[in-house]
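Listed below, chain by chain, are the residues.
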Amino acid sequence: TTLKEQKEAFVTGHSGSTPGEVLLVCLSAPLGIFLFNAIQRCSSSRTKVLFGTSRPFLVAVESLVLLLPMAVCQANLLYPYGVTLLGFEGILAFCLHFFRVSVGDTADSSNNNDEAKKPKLPFLSAYRSTVSYLTFVAILAVDFHVFPRRFAKTETTGFGLMDLGAGSFIVSGGFVSWYARRSATLTSTASYWKALKPALIRSIPLIVMGMIRLLTTKGLEYQEHVSEYGVHWNFFFTLTVVGIASTMARFDSLQLLGPGNFKVYPWLLVAFHQAALTKYGMQTYIEEGDRQCAEETQSGVCNIFAANREGILGCVGYLSMFFISEDIAQYCIWEESCTKDPTKRGKRLSICCSILWAALWVLVSVLEIPVSRRSTNATFVIWTLAHNVTILLMIWAAFFFTSGSSVSPIFDAVNRCGLIVFILANLMTGLVNITINTLEVADGQALGVIFVYLFAVGSVALAVDWALQSLLSARPKTKDE
């Protein structure tokens, strides 16, 4: 067999882990953020515990308390080393936090309502960067033996860590979408083109990247996981469809129903999609159907659909996931009462977490609908939402208990330059795979490669962010500015 076939076999045929273990792996981010914030607060306080708040120092701390634990926890070192590291981080963070409180350093945190006055919510920025960085680790680590196979994408059903990647980006986008942030003030007076134009403009780089990924994957004989999206489809095309379709649906709902009357329809979409999967054979077709249509019905469109049925039909689940994440964000983050009293965010996120995990239990244990990333069924949609809202709640708590903290430098840069950094991280992942036979690398060396790669991605993010900020500051100001 060729090296490409060996690598493809290495990432296919897996059945996943458990929701609890997947959450445990991702806990490396909230705990790392909590510890970084505690160190940052002690360093900047009058207690002078550490060495100051210089940017190089903060980047070094971030690399050790955030990036390294992420790499360790997504490796076969999770037990016992990863869990021990997480426990140590949690204990140290609490010790530093309570030490700062005990010496009376409350100058910057006497009023939690200051968060409401900030134009950017640090916990939300950190969450979005968490989604990106957890993905950066997985897309490279999965090609090494050090990455447990149960964390790889599942073939048909199961809870796989990597199954959450695309869905987490969809949910992350929904949390900060134009609708989530402005739904209370939306009106139906805007023209259809004015509403759709921004979505079409945002889709251009996604389409370009989707085409580049397709051409390079085919041209460079890069390993493929066909059951992921299909033969030609990829993540960038899914983002494009969800972005355009959600804008069209939201605009039509405003015209027909008025503001705030669309909330039940995403849940109906989930229900109808699940009914089609279960009652009308769509799940079987997705899992077992041919990649070409029957001779009597063959056509170019039919064959393209059959070859990419996972990606095309999966957009239905991702679209409903996006709509629901917008409504969750509007209720838990952006509603005016939450901006006036930030503690309401924690309470409402806790309520949403409880409801979503209870719904997941009903779907899996009572209705016996297994989670399927491949078909983006109802169980997958609810699991992805429950997981992401839980991570967001934990990160909110980390910033709430260390009020006044700013986002760590690398995470801040990744949040501001998300698409550019994501593209560069994918290119760097491809470069590693082309230059190294990842199947023959020992676990210790693999972990070193992954950590160096993560630090390189962070360095690139900082450089790109600095360059963009320099260009913006050098730009001549208009009269309105």
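The structure we're discussing is the one just above.
Residues numbered from 1 in each chain as written. Predicted model: local features only at pLDDT ≥ 70, side-chain atom pairs only at ≥ 80, totals over all residues. Heavy atoms only, no water.

K.L.:
Can you help me understand helix H16 (residues 309–334) in this one?
P.N.:
Each turn of an α-helix holds 3.6 residues, which means side chains three or four residues apart point in the same direction. Here H16 spans 36 Å end to end across 26 residues, near enough to the 38 Å set by a 1.5 Å rise per residue. By the largest-angle criterion, Cys315 marks the main kink of H16, which is about 30°. Taking burial as the measure, the 26 residues of H16 include 22 buried ones, the bulk of the element. (Helix = DSSP H or I, 4+ residues; strand = E, 2+ residues; numbered from the N terminus. Expected span 1.5 Å × (residues − 1). Bend = angle between axes of the 7 residues up to and from the residue. Buried < 20%, exposed > 50% of the residue type's maximum accessible area, 1.4 Å probe, protein only.)

K.L.:
Looking at this model, I keep getting lost on the pattern of salt bridges. Mind explaining?
P.N.:
Here the idea is simple: oppositely charged side chains can pair when their charged atoms come close. Applying the stated criterion to the full structure yields 12 salt bridges. Lys153 serves as the salt-bridge partner of Glu228, at 2.0 Å between the closest nitrogen and oxygen. With a gap of 75 residues between them, Glu228 in helix H11 (residues 226–229) and Lys153 in the loop between helix H7 (122–141) and helix H8 (164–175) connect regions that are remote in the sequence. Asp327 is the partner of Arg250 in a salt bridge, and the nearest nitrogen-oxygen pair spans 3.7 Å. Highlighted residues: Arg250 in helix H12 (residues 235–257) and Asp327 in helix H16, separated in sequence by 77 residues. Salt bridges linked by common partners bring Arg250, Lys263, Glu326 and Asp327 together as one network. (Salt bridge = Lys/Arg side-chain N within 4 Å of Asp/Glu carboxyl O.)

K.L.:
Can you help me understand unusual backbone geometry in this one?
P.N.:
With the exception of glycine, the majority of residues adopt a negative phi angle, and the majority of peptide bonds are in the trans configuration. Of note, the bond from Tyr79 into Pro80 is cis; its omega dihedral lies within 30 degrees of zero at 0°. By secondary structure assignment, the location of Pro80 is in helix H5 (residues 78–102). At Glu368, a residue that is not glycine, the phi angle is positive and equals roughly 55°.

K.L.:
Sorry, what's going on with the packing of H7 against H8 here?
P.N.:
To characterise two packed helices, one gives the angle between the axes of the helices and the distance between these axes. Remark: H7 packs on H8, axes separated minimally by 10 Å, with the N-to-C direction vectors making an angle of 165°. Judged by the inter-axis angle, H7 sits roughly antiparallel to H8. The way H7 lies across H8 gives a crossing that is left-handed. Residues Leu124, Tyr127, Arg128, Val131, Ser132 and Thr135 of H7 pack against Gly165, Ser168, Phe169, Val171, Ser172, Gly173 and Phe175 of H8. Looking at the contact of H7 with H8 residue by residue, the class counts come to 6 nonpolar, 6 polar and 1 charged. (Axes fitted to C-alpha atoms, helices over the stretch in contact; angles between N-to-C directions. Parallel < 35°, antiparallel > 145°, perpendicular 65-115°, else oblique. Left-handed = near helix turned anticlockwise from the far one by under 90°. Contact = heavy atoms within 4.5 Å. Nonpolar A, V, L, I, M, F, W, Y, C, P; charged D, E, K, R; others polar.)

K.L.:
It is not clear to me how helix H10 (residues 192–219) should be interpreted in this structure. Could you clarify?
P.N.:
The end-to-end C-alpha distance of H10, which contains 28 residues, comes to 39 Å, matching closely the 40 Å that a straight helix rising 1.5 Å per residue would cover. The principal kink in H10, of about 30°, is found at Ile204, preceding the proline Pro205 by one to four residues. Those residues of H10 lying buried are Leu196, Ala199, Ser203, Leu206, Met209, Gly210, Leu214 and Thr217.

K.L.:
What exactly am I supposed to notice about the side chain of Ser129 here?
P.N.:
Mapped onto the secondary structure, Ser129 falls in helix H7. If sequence neighbours within four positions are ignored, Ser129 has contacts with Phe411, Val414 and Asn415.

K.L.:
What exactly am I supposed to notice about the nonpolar core here?
P.N.:
Counting 127 residues, the largest nonpolar core has Tyr133 and Phe136 as the members making the most contacts within it. When residues in this core are grouped by element, the largest group, 15 residues, is from helix H19 (residues 378–401). If sequence neighbours within four positions are ignored, Tyr133 has contacts with Leu67, Met70, Ile410, Phe411, Val414, Leu454, Val457 and Gly458. (Core = buried A, V, L, I, M, F, W, Y, C linked by side-chain atoms within 4.5 Å.)

K.L.:
Can you help me understand the packing of helix H4 (residues 55–73) against helix H22 (residues 443–474) in this one?
P.N.:
Axis separation between H4 and H22 bottoms out at 10 Å; the angle between their running directions is 140°. By the angle class used here, H4 and H22 are oblique. For the pair H4 and H22, the sense of crossing is right-handed. Between H4, through Arg55, Val59, Ser63, Leu67, Leu68, Ala71 and Val72, and H22, the contact on the second element is made entirely by Leu447, Ile450, Phe451, Leu454, Phe455 and Leu462.

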